[in-house]
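Architecture at a glance
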Amino acid sequence: MASTLTLEVVTPAGTVYSDNVQMVTLPGVAGQIGIYPQHVPLITQMVPGEMIVRKDGRDLFIATGEGLIEITAHRVDILTDLAVQADRIDEVKAEEARQRAEARLREKLSNEEIASVNASLARSLAQLRVKRRRQV
């Protein structure tokens, strides 16, 4: 049995993470999903939150946005609109983005605009939660 699986995280800007890891914990629509090598095949949706990557006995924390997850016995492939390692999150910029999104929600918006602003707010909140929880 393999002791690692390949994790690849891709955003519109390119590949954010690609390496062999021991375990991945992801924010899914039904809650946190823990993935070890030999996981059953699965395709599911990722929601904004915190991804935890375990490699060489250490944890790496990544703020994530919405996306799709494909899991096989040996791989986890993620396509997402946001993936930022906790130590690279700019808390000031994330807080400013959160405030802008909340201000926009107080305006009269179309349903499409509300969905877009809500997505932006969720990404900002995910970054702030990860950064503040990890205090990196």
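Next up on the list: the overall build of the protein. Within the protein one finds 2 helices and 10 strands. When the helices and strands of the protein are listed from N to C terminus, the series reads β-β-β-β-β-β-β-β-β-β-α-α. Taken over C-alpha atoms, the radius of gyration comes to 16 Å for the protein, in line with the 14 Å a tight globule of 136 residues would show. Summarising its shape, the C-alpha atoms of the protein cover approximately 55 × 30 × 25 Å along the three principal directions. Counting over 136 residues, the protein shows a buried share of 40%. Within the protein, one finds 17 positive and 18 negative side-chain charges whose respective centroids are separated by 4 Å.

As a further point, take the nonpolar core. Leu 7, Leu 26, Met 51, Val 76 and Ile 78 are the most contacted members of the largest nonpolar core, which totals 18 residues. Looking at which element gives the most residues to this core, the answer is strand 1 (residues 5-11), with 3 residues. Apart from residues lying up to four places away in sequence, Ile 78 is in contact with Leu 7, Glu 8, Val 9, Val 10, Leu 26, Met 46, Met 51, Leu 68 and Ile 69. Counting 7 residues, the second largest nonpolar core, distinct from the first, contains Phe 61, Ala 63, Leu 82 and Val 84.

Attention now moves to the environment of Val 76. By secondary structure assignment, the location of Val 76 is in strand 9 (residues 75-80). Put simply, Val 76 and Glu 8 are 68 residues apart on the chain and 6.4 Å apart in space, counted from C-alpha to C-alpha.

Between the first and last C-alpha of helix 1 (residues 91-105) there are 21 Å, a value that for 15 residues agrees with the 21 Å anticipated at 1.5 Å per step. When we look at burial in helix 1, the residues that qualify are Ala 94, Glu 95, Ala 97, Arg 98 and Ala 101. Buried residues of helix 1, seen end-on, are gathered within an arc of 160° and therefore sit on one face of the element. Counted as exposed and oriented over 90 degrees from the buried face of helix 1: Val 92, Lys 93 and Arg 100.

Take the packing of helix 1 against helix 2 (residues 111-134) next. Running from amino to carboxyl end, helix 1 crosses helix 2 at an angle of 150°, the nearest separation of the two axes being 9 Å. Between helix 1 and helix 2, the angle is such that the two are roughly antiparallel. By crossing handedness, the relation of helix 1 to helix 2 is classed as left-handed. Across the interface between the two elements, Glu 91, Ala 94, Glu 95, Ala 97, Arg 98, Ala 101, Glu 102, Arg 104 and Leu 105 from helix 1 touch Glu 113, Ile 114, Val 117, Asn 118, Ser 120, Leu 121, Ser 124, Leu 125, Gln 127, Leu 128, Lys 131 and Arg 132 from helix 2.

To continue, consider the pattern of salt bridges. Per the stated rule, a full pass over the model turns up 13 salt bridges. A salt bridge links Arg 132 to Glu 91; the shortest N-O distance between them is 2.7 Å. Within this pair, whereas Arg 132 is found in helix 2, its partner Glu 91 is found in helix 1, the two being separated by 41 residues in sequence. A residue is classified by how much of its surface remains accessible, and Glu 91, at 29% relative accessible area, is partly exposed.

What follows concerns the environment of Glu 113. Here Glu 113 shows up in helix 2. Separated by 70 residues in sequence, Glu 113 and Ile 43 have C-alpha atoms that sit 28 Å apart.

The next thing to look at is the side chain of Gln 127. Topologically, Gln 127 is positioned in helix 2. Its relative accessible area of 15% is what places Gln 127 among the buried residues. Setting aside residues up to four positions removed in sequence, Gln 127 forms contacts with Ala 63, Leu 82, Val 84, Ile 89 and Ala 94.

The rules behind the values
- Residues numbered from 1 in each chain as written.
- Predicted model: local features only at pLDDT ≥ 70, side-chain atom pairs only at ≥ 80, totals over all residues.
- Heavy atoms only, no water.
- Helix = DSSP H or I, 4+ residues; strand = E, 2+ residues; numbered from the N terminus.
- Rg over C-alpha atoms; globule rule 2.2 N^0.38 Å.
- Buried < 20%, exposed > 50% of the residue type's maximum accessible area, 1.4 Å probe, protein only.
- Lys, Arg positive; Asp, Glu negative; His and termini not counted.
- Charge placed at Lys NZ, Arg CZ, Asp CG, Glu CD.
- Core = buried A, V, L, I, M, F, W, Y, C linked by side-chain atoms within 4.5 Å.
- Contact = heavy atoms within 4.5 Å.
- Expected span 1.5 Å × (residues − 1).
- Arc of directions from axis to C-beta.
- Axes fitted to C-alpha atoms, helices over the stretch in contact; angles between N-to-C directions.
- Parallel < 35°, antiparallel > 145°, perpendicular 65-115°, else oblique.
- Left-handed = near helix turned anticlockwise from the far one by under 90°.
- Salt bridge = Lys/Arg side-chain N within 4 Å of Asp/Glu carboxyl O.

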